[in-house]
Amino acid sequence: MISFKEFKNERLGEKCLYGVHSSGLEVFLVPKDHKKSYAIFGTRYGAMHRTFKTDSDPDFVTVPDGIAHFLEHKLFENEDGSDTFSLYAQHGANANAFTSNELTAYLFSATGDYYENLEILLKFVTSPYFTKETVDKEMGIIGQELRMYLDNPYRRLYKNLLDALYVNNHAKIDVGGTEESIAKITPEILYRCYGTFYNLHNMTLCLCGSFDPEKVSDVMDKTLKPSEPINITHKFPEEPDRVNKSVVTEKFNIALPMFYLGIKDTPFSDFTDPKAILKKICAHDVLLEILFGRSSDFYNDLYESGMINDKFSSGYIYGKNFSFVYFAAETREPEKVAAMIREEIEKAKSGKYGEVINEAFERSRRTVYADCVQEWNSTSDIADNILDLRFIGADVMGMADAAAELTVSDVLERLRESYDLSLSALSIIVPDECAESEK
Amino acid sequence: MDTKPRRIKLCDDVYLNVIRTDKFKTNFLTFFFLTDLTKRSASYCRLISRMLPRGTAKYPTARLLSRAFGDCYGASCDAFAIKHGESQGICVSLSTLADKFSLDGKPIISRAIDLATEMIFSPAVKDGGFDDKVLDGEKNNVKDAISAEINNKGEYARKRMIQIMCENEAYSVNTLGYPDIIDEVNGKQLYEYYRAFLSGARTEIYFAGICDEALLESKLKTVFSSVERRPVKMSGTVIISDAERVKRVTEKMDMTQSHLVMGFRTGVTMDSPDFVPFMLYNSVLGGSLTSKLFMNLREKMSLCYTVGSSPDGSKGIMRIYAGIDSRNSEKAINETFRQMKLIEDGEITDDEIKESKSAIINSLVGLGDNPGALAGWYLPRALCGDFDETPETLAAKVKALEKKDVIACARLVKTDTVYLLEGNEKENGADIETEENDDQL
């Protein structure tokens with residue numbers, strides 16, 4: 001049984017129901033009159049949870065890198081030999097799953113048979129079945145997935161950036177692991193990870209679309225067994241106040257050099273006020289829009305001079321245990337463009353851009369605000385955002401309000417506190433010479 | 001919501017299609033301008049699509065124009081080159097926040113329409129043409145993008161297969177453009193081409209959202225009155241239904257994974273009677289996560305992570321793609337043919353039919369949630385003169401299909417090209433070797 005509480009947002013004209021099922025699983029439900037309904041079922045378990053224990057475990061265990069992602073693949077297999085995708089397909093659902101640094105999630109979208117599909121989702125995620133044979137078989141598929149990523153320059157840039165920014169932080173662990181690390185995975189370790197992180201108290205279900213709260217409650221009653229309350233302790237290494245490497249350069253089979261520049265920021269693990277989280281995210285977005293967005297002098301000056309092209313972008317990436325600002329560009333002069341970005345930040349911090357910031361603030365705030373409102377166009381965006389923000393301790397319902405209420409001083413505060421260039425690192429990839437001489 | 005657009009003729013060969021819906025927090029306005037696909041038209045349209053955001057008569061630089069869009073709640077207005085069969089052109093796509101979310105109560109859409117139409121109809125002009133200095137910058141960007149095609153190996157392999165399969169057909173023209181053609185054109189010539197293009201191109205405009213429709217219509221009629229319309233009839237796409245011999249081509253590149261792309265002639269186009277059954281054929285073969293290719297090449301044989309088939313109804317072809325280890329290429333090719341033969345022999349379960357139908361219907365019905373995708377769905381149908389089909393009517397036709405319809409499709413599929421872009425861990429360099437092999441498979 002669940003009793004739902006209703007939360008409304010006047011500005012958006014949206015409401016969200018929230019409740020905790022007797023099994024321990026919490027549920028968010030946003031009613032929407034769309035054709036597609038969408039469900040996402042996530043656990044607070046990702047690639048960075050390498051060393052952990054529960055209160056009933058005597059000792060910490062350290063598991064092979066890439067196991068959260070491997071486990072995600074394996075859950076699709078069922079003891080009776082049925083294939084989860086086929087079960088969904090019988091009811092017209094489109095299903096998928098993904099793993100990131102801090103979460104694993106299983107999802108489907110469907111234009112009918114909502115409760116049948118929800119039942120499939122809840123059942124297969126709560127019914128693990130691993131044997132040596134099925135584990136070995138998966139090595140080949142995931143091996144191909146990892147090889148596909150090895151050929152992807154953006155993925156390589158990103159991996160190298162995390163490795164440069166962080167000395168110890170587990171954010172630098174590659175989500176897929178390596179072919180060597182996943183070779184160490186056994187059914188026993190999979191069951192240990194499963195038993196720890198797939199406890200329903202550690203999970204969240206987000207639904208958006210034509211779901212009826214009572215019927216949802218019925219499906220949960222029928223499929224979920226109560227989980228014992230659990231307390232998971234993680235061992236995260238201390239992260240020093242410096243970067244691991246200031247520059248990482250690698251050769252790759254590409255046409256033009258590219259880079260990611262990152263600036264380490266503090267994570268959200270210490271935040272207790274959900275509104276402060278949203279404010280910080282919006283302030284980053286507005287600040288980056290003012291200084292480096294499509295309307296900024298920086299972007300336009302460099303674009304006109306031919307130093308950057310329209311692939312240039314910037315943003316704020318965050319999780320509960322890590323966060324950083326990034327800049328990405330494709331350019332013949334990666335070091336020079338990165339230096340100019342740093343210079344621009346220095347200038348802004350020294351107060352030289354007071355006028356610029358005042359002039360561009362309203363335009364940039366509107367742009368960020370519009371982005372937050374537009375997120376409510378699609379049932380999948382809505383539910384995904386609820387889950388993402390829930391896992392860092394914030395509430396997506398307040399996002400558009402946070403953007404609308406942002407002030408210039410919020411943006412200036414962000415600039416002062418989060419843009420410490422001594423915590424910045426640069427990841428570059430350059431065309432490998434053979435590829436160059438070919439042209 | 002009924003997604004069937006209301007169709008309004010604005011002028012000769014120019015139509016506005018309005019899908020009224022208050023389901024979204026945004027309004028969408030998309031312009032499609034189409035003409036025949038040639039190396040020259042593709043190169044020019046690609047350059048023009050990059051010149052339009054660089055400024056208008058009123059906002060002569062990209063900086064000023066993007067600030068104007070920014071003031072309009074970050075309205076995004078993108079121009080890009082598009083391809084449909086053997087026609088191509090320019091798409092300009094505007095997305096704005098709906099008026100009711102305006103923070104100061106001032107309307108957004110009407111102002112955004114003005115900006116978008118200004119971008120299309122009054123681009124910044126210097127001495128009767130596009131500014132050569134600005135154009136030079138964009139020429140470099142386009143040429144860089146052409147050489148950056150190798151960055152995405154899978155996509156590159158898919159394009160190469162088409163170039164080999166349709167070597168002497170317009171369909172193989174690369175819409176990224178051609179460096180030699182790009183180098184030769186100057187700002188004045190390109191601008192003159194653009195004026196003629198605007199006057200001759202088949203034009204379809206889609207609006208999805210809520211606005212004053214009479215105002216939208218009158219604004220568009222006004223801007224089109226500045227263009228002297230002389231519609232040029234498009235040549236249409238050459239459809240080849242047979243493959244004389246199978247082309248087998250292997251090329252090498254320095255990368256970890258190998259990419260297998262197979263090309264087939266089907267002759268099944270959007271207006272052919274086999275179009276709907278072929279959707280189901282494709283779904284059973286490789287169009288979904290329960291398809292024969294996915295279940296066998298990936299789940300049973302662990303040969304790949306990505307595998308799938310996709311038909312192109314604008315040209316009457318089908319493509320199969322798999323990311324594999326090069327040592328498994330023959331295995332993957334043979335298994336693909338084996339699965340196709342199974343369909344031909346009727347080895348299809350009722351579950352496979354049911355699951356594939358559900359998958360297609362689910363995605364068709366779901367289109368109503370994505371106004372941007374709806375425009376892309378209706379456009380090709382408008383181009384072949386079909387104004388009645390909606391995702392819902394098509395879904396009903398899919399529902400009525402039977403196993404025999406899928407089996408009947410198998411005979412339409414003729415293998416044309418088997419292309420392998422082979423990774424090589426030992427050698428360095430992107431040296432591309434071509435070896436042609438004319439063996440019949």
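Calculation rules
- Residue indices begin from 1 for each chain and proceed along its sequence in written order.
- Here every chain gets a letter starting at A, and every ligand a number starting at 1, in the order they are written.
- Totals for whole chains, interfaces and linings use all residues, but because this is a predicted model, local features are given only for residues with pLDDT of at least 70 and pairs of side-chain atoms are given and counted only at 80 or more.
- Helical segments are the DSSP runs of H or I of at least four residues, strand segments are the runs of E of at least two, and each set is numbered from the N terminus.
- For this measure, only C-alpha atoms enter the radius of gyration; the expected value for a globule follows 2.2 Å times N^0.38, where N is the number of residues.
- Residues with at least 20 other C-beta atoms within 10 Å of their own are called buried, those with 12 or fewer are called exposed, and the rest are partly exposed. The C-beta atoms themselves are positioned from the backbone.
- Note on geometry: axes are lines fitted to C-alpha atoms, helical ones only across the stretch in contact, with angles between N-to-C directions running from 0 to 180 degrees.
- What sets the label is the angle itself: under 35 degrees gives roughly parallel, over 145 gives roughly antiparallel, 65 to 115 gives roughly perpendicular, and the rest give oblique.
- Put simply, a crossing is left-handed when the front helix is turned counterclockwise from the back one by less than a right angle, and right-handed when it is turned clockwise.
- Residues are treated as contacting if the C-beta atoms built from their backbones sit within 7 Å of each other.
- The rule for pairing is simple: two strands pair if DSSP sees at least two bridges between them.
- By our criterion, buried Ala, Val, Leu, Ile, Met, Phe, Trp, Tyr and Cys residues that link up through C-beta atoms within 7 Å make up a nonpolar core.
- Three categories are distinguished: nonpolar for Ala, Val, Leu, Ile, Met, Phe, Trp, Tyr, Cys and Pro, charged for Asp, Glu, Lys and Arg, and polar for the others, with Gly belonging to the last.
- These domain boundaries are the output of an automatic or database domain assignment.
- To estimate the expected span of a helix, subtract one from its residue number and multiply by 1.5 Å.
- The arc in question is traced by the directions running from the helix axis to the C-beta atoms.

## Here's the deal with the overall build of chain B
In step 1: In terms of helices and strands, chain B carries 15 helices and twelve strands.
In step 2: Here chain B has a C-alpha radius of gyration of 23 Å; the compact-globule value for 441 residues is 22 Å, and the two agree.
In step 3: Considering only C-alpha atoms, chain B reaches an extent of 60 × 50 × 40 Å along its principal axes.
In step 4: Split into buried and exposed, the 441 residues of chain B put 49% on the buried side.

## Section: the packing of helix α1 (residues 39-51) of chain B against helix α4 (residues 132-147) of chain B
Residues and elements named next belong to chain B.
In step 1: It is the contact of α1 with α4, at a shortest axis distance of 10 Å, that shows an interaxial angle of 120 degrees. Comparing their axes, α4 and α1 come out oblique. Here the hand of the crossing between α1 and α4 comes out right-handed. Only L135, E138, K139, N141 and V142 of α4 make contact with α1, whose side of the interface consists of R46, L47, R50 and M51.

## Considerations on the sheet that holds strand β7 (residues 94-99) of chain A
Strand pairing in a sheet relies on backbone hydrogen bonds, with the paired strands running either antiparallel or parallel.
Residues and elements named next belong to chain A.
In step 1: On the basis of which strands lie adjacent, the open sheet formed by seven strands has the order β1-β2-β3-β9-β4-β8-β7 and mixed pairing. Looking at strand neighbours, the two that pair on one side only are β1 (5-9) and β7, the edges of this open sheet. Within the sheet, the average angular offset between the axes of one strand and its neighbour, ignoring direction, is 15 degrees.
In step 2: Here strand β3 (residues 26-31) pairs with strand β9 (residues 203-209) via six bridges, running parallel. Counterpart to V27 in the pairing with β9 is L205.
In step 3: Of the strands in this sheet, β3, β4 (37-43), β8 (104-110) and β9 touch helix α13 (residues 379-392), which is tilted by about 155 degrees from β9.

## Some points on the environment of F101(B)
In step 1: Along the polypeptide, F101(B) turns up in the loop between β5 (87-97) and α3 (109-121).
In step 2: You can call F101(B) buried: it has 22 C-beta atoms within 10 Å.
In step 3: Not counting residues up to four positions away in its chain, the partners in contact with F101(B) are V373(A) and K25(B).

## Regarding the nonpolar core
In step 1: Counting residues in each nonpolar core, the largest one holds 254 residues, and the members touching the most others are A39(A), F41(A), L121(A), L207(A), A383(A) and A116(B).
In step 2: Among the elements that make up this core, the one with the highest residue count is helix α9 (residues 274-292) of chain A (eleven residues).
In step 3: Excluding anything up to four places from it in sequence, A39(A) contacts L107(A), F108(A), L118(A), L121(A), L205(A), L207(A) and A383(A).

## Some words on unusual backbone geometry
In step 1: Positive phi, normally seen in glycine, also occurs at Y73(B), with a value near 55 degrees.
In step 2: Using a count of 28 C-beta atoms within 10 Å as the deciding quantity, one classes Y73(B) as buried.

## What to know about the interface of chain A and chain B
In step 1: Counting residues at the interface gives 52 residues for chain A and 53 residues for chain B.
In step 2: Elements represented by at least two residues in the side of chain A that touches chain B include exactly α2 (84-90), β8, α4 (132-150), α10 (297-304), α12 (354-374) and α16 (433-438) of chain A.
In step 3: In the side of chain A that touches chain B, the residues fall into 18 nonpolar, 20 polar and 14 charged.

## A word on the environment of E102(A)
Residues and elements named next belong to chain A.
In step 1: Following the sequence through the fold, E102 ends up in the loop between β7 and β8.
In step 2: Look at E102 and you get buried, because 23 C-beta atoms sit within 10 Å.
In step 3: Along the primary structure E102 and S181 are separated by 79 residues, whereas in three dimensions their C-alpha atoms are 19 Å apart.
In step 4: Discounting chain neighbours no more than four positions away, the residues touching E102 are R44, G46, M48, G319, K320, N321 and F391.

## Side note on the domain arrangement of chain B
All names here are of chain B.
In step 1: Taken as a whole, chain B is organised into domain 1 (6-225) and domain 2 (247-437).
In step 2: Inter-centroid distance (C-alpha atoms) of domain 1 to domain 2 is 30 Å.
In step 3: Of the residues lining the interface, 24 residues belong to domain 1; the matching set on domain 2 comes to 28 residues.
In step 4: At the level of elements, β2 (14-20), β3 (26-36), α5 (153-165) and β6 (202-209) are the ones that each hand at least two residues to the side of domain 1 that touches domain 2.
In step 5: Element by element, the count of residues in the side of domain 1 that touches domain 2 is highest for α5, at nine residues.
In step 6: Each residue belonging to the side of domain 1 that touches domain 2 can be placed in one class, and the counts come to 13 nonpolar, six polar and five charged.

## Comments concerning the domain arrangement of chain A
Residue and element names in this part refer to chain A.
In step 1: Along its sequence, chain A is carved into domain 1 (5-234) and domain 2 (247-438).
In step 2: Taking only C-alpha atoms into account, the centre of domain 1 sits 28 Å from that of domain 2.
In step 3: Facing 39 residues of domain 1, the contacting portion of domain 2 comprises 31 residues.
In step 4: Broken down by secondary-structure element, the contributors of at least two residues to the side of domain 1 that touches domain 2 are β1, β2 (14-20), β3, β4, β8, α5 (153-165) and β9.
In step 5: Here the side of domain 1 that touches domain 2 is built from residues that sort into 21 nonpolar, ten polar and eight charged.

## A look at helix α8 (residues 213-225) of chain B
Residue and element names in this part refer to chain B.
In step 1: Under the 1.5 Å per step criterion, the end-to-end length of α8 is 18 Å for 13 residues, consistent within 8% with the ideal 18 Å.
In step 2: Along α8, the residues that are buried comprise L216, L220 and F224. Looking straight down α8, one finds that the buried residues subtend no more than 60 degrees of arc, so they occupy a single side. Along α8, exposed side chains directed more than 90 degrees from the buried face belong to A214, L215, S218, T222 and S225.
In step 3: Tucked inside the fold, the buried residues of α8 contact β1 (6-11), β2, α3 and β6.

## Looking at the sheet that holds β1(B)
Residue and element names in this part refer to chain B.
In step 1: A sheet is described by the order of its strands in space; here six strands give the open sequence β1-β2-β6-β3-β5-β4, paired in mixed fashion. Either end of the sheet is taken by a strand with one partner, and the two such strands are β1 and β4 (76-84). When the angles between neighbouring strand axes are averaged without regard to direction, this sheet yields 20 degrees.
In step 2: Contacting β1, β2 and β6, α8 runs over the sheet at an angle of about 30 degrees to β1.

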